[in-house]
Amino acid sequence: MDLRDLLKIKYPIIQGGMANIADHRLASAVSNAGGLGLIGCGGWDTDRVRDEIRKTKALTDKPFGVNIMLMSPYAEELSDLVIEEGVKIVTTGAGSPGVYMKKWKEAGIIVIPVVPSVAFAVRLERSGADALIVEGTEAGGHIGEITTFVLVPQVSDAVNIPVIAAGGIADHRGLDAAFILGAKGVQIGTVLLASEECPIHQNYKEKVVKAKDTETVVTGRQTGAPVRVLKNRMAKEYLDLTKFGDAKLEDLEKLTLGSLRKAVFDGDLDNGSFMAGQSAGLVKAIRPVKEILEDIFENSLVAKGVI
Ligand code: TUI
């Protein structure tokens, strides 16, 4: 099935559910530009997310969704909130949405989990997922092990629901490559960090634009929650602490505590955790969301009917 028909959107492009970043401003900008905007709940509580949903509804009459980060202590409450608020599309990340699937399907919600492996993809198709976001390790933030290039075709072969490729996609070439690998859509995050509407500190946007190919590192492998960030003093200190595998969890937590907020709100180049994917090296300018989406889709071979 065409993802555009399933989600009732103009472009087969959905926004990543970026924690602490993807609020009503970014979500409505992406939806108004013809993609699927998402409110990224991250660690927000129920009141905050309710407010974000209502603000998004006021800013767009186009479809939008909510991303629930399943490691959040509020995940269970949020699983009811999306039903109460009449949200039509839910994406999930950082865990299994299996326990919520039945009530979401009964409420008529389109459920699209992020999967980092074939086995997990097959399991969630059986549980009733409507589509899957297949996220490669090139992505920013919390990541799996396998690359987009090898994971997308394997999941596409293994399931009969639409696959949305994520991780490493920032332009029309990425979209075309994803479709050739079997995807019916793409999820983008990093390129949207460098959008005019993205509500993050200017330093964060400029750090993404300046990033070269080798600019990201993965922290948190030791704690079982690998996170891809842009290199800086904070990332170096973290990696130094974990080099010998004997760092104390509390020291690491102290270091990361609030560090994403320091990046997003203060633009603190030394102490912030600047989550971003490897595609940062492809991002050359800060542009309006509409221009980013148009550029990715209208210049693609998919738009020209070649793929
Ligand atoms: O979730 C993401 N990206 C994120 S979440 C986030 S907030 C955070 N910050 C610090 C530490 C941890 C989280 C920042 N970026 N992407 C989707 C994603 N999901 N990537 C990997 C997974 C995943 C991993 C394991 C999904 C399911 C899974 O399943 C395990 C299981 O239950 O079998």
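Conventions used here
Residues numbered from 1 in each chain as written. Predicted model: local features only at pLDDT ≥ 70, side-chain atom pairs only at ≥ 80, totals over all residues. Heavy atoms only, no water. Pairing = 2+ DSSP bridges. Helix = DSSP H or I, 4+ residues; strand = E, 2+ residues; numbered from the N terminus. Contact = heavy atoms within 4.5 Å. Axes fitted to C-alpha atoms, helices over the stretch in contact; angles between N-to-C directions. Domains from an automatic or database assignment. Buried area = accessible area lost by both parts, 1.4 Å probe. Salt bridge = Lys/Arg side-chain N within 4 Å of Asp/Glu carboxyl O. Nonpolar A, V, L, I, M, F, W, Y, C, P; charged D, E, K, R; others polar. Buried < 20%, exposed > 50% of the residue type's maximum accessible area, 1.4 Å probe, protein only. Arc of directions from axis to C-beta. Polar contact = N/O pair within 3.5 Å; in protein donor to acceptor, adjacent residues only side chain to side chain. Parallel < 35°, antiparallel > 145°, perpendicular 65-115°, else oblique.

What follows covers the sheet that holds strand β7 (residues 141–142). Ordered by their spatial adjacency, 3 strands build an open sheet running β7-β11-β10, and the pairing between neighbours is antiparallel. Looking at which strands have only one partner, the edges of the open sheet turn out to be β7 and β10 (216–219). In the sheet, β10 pairs with strand β11 (residues 227–230) via 4 bridges, with the strands oriented antiparallel. Bridge pairing links Thr219 to Val227 in β11. On the sheet, helix α11 (residues 233–242) packs against β10 and β11 and is oriented at approximately 45° with respect to β10.

The next subject is the domain arrangement of the protein chain. The domains assigned to the protein chain are domain 1 (3–198 + 283–298) and domain 2 (202–280). Each of domain 1 and domain 2 has a C-alpha centre, and these two points are 23 Å apart. Opposite the 25 residues of domain 1 that make contact, domain 2 presents 23 residues. For the pairing of domain 1 and domain 2, the buried interface totals around 1,800 Å² over both sides, and the portion due to carbon and sulfur atoms is 58%. When the area that domain 1 buries against domain 2 is broken down by residue, the three leading residues are Asn20, Leu193 and Val283, summing to 27%. Counting across the interface, domain 1 meets domain 2 through 1 salt bridge. We note a salt bridge from Glu145 to Arg221, for which the minimum N-O separation is 3.8 Å. When contributions to the side of domain 1 that touches domain 2 are tallied by element, the ones reaching two or more residues are β7 and α9 (190–193). Residue classes in the side of domain 1 that touches domain 2 are distributed as 13 nonpolar, 8 polar and 4 charged.

Along α11, the positions that sit buried rather than exposed are Met234, Ala235, Tyr238 and Thr242. Looking down the long axis of α11, one finds its buried residues gathered within 100° of arc, a one-sided arrangement. Its side-chain oxygen at 3.3 Å from the backbone nitrogen of Met234, Asn232 defines the N-terminal cap of α11.

Right, let's get into the packing of helix α4 (residues 75–84) against helix α5 (residues 98–106). It is the contact of α4 with α5, at a shortest axis distance of 10 Å, that shows an interaxial angle of 10°. It follows from the interaxial angle that α4 and α5 lie roughly parallel. Counting all contacts with α4, which are made through Ala75, Glu76, Ser79, Asp80, Val82 and Ile83, the residues of α5 involved are Tyr100, Lys103 and Trp104. Split into classes, the residues belonging to the contact of α4 with α5 amount to 5 nonpolar, 1 polar and 3 charged.

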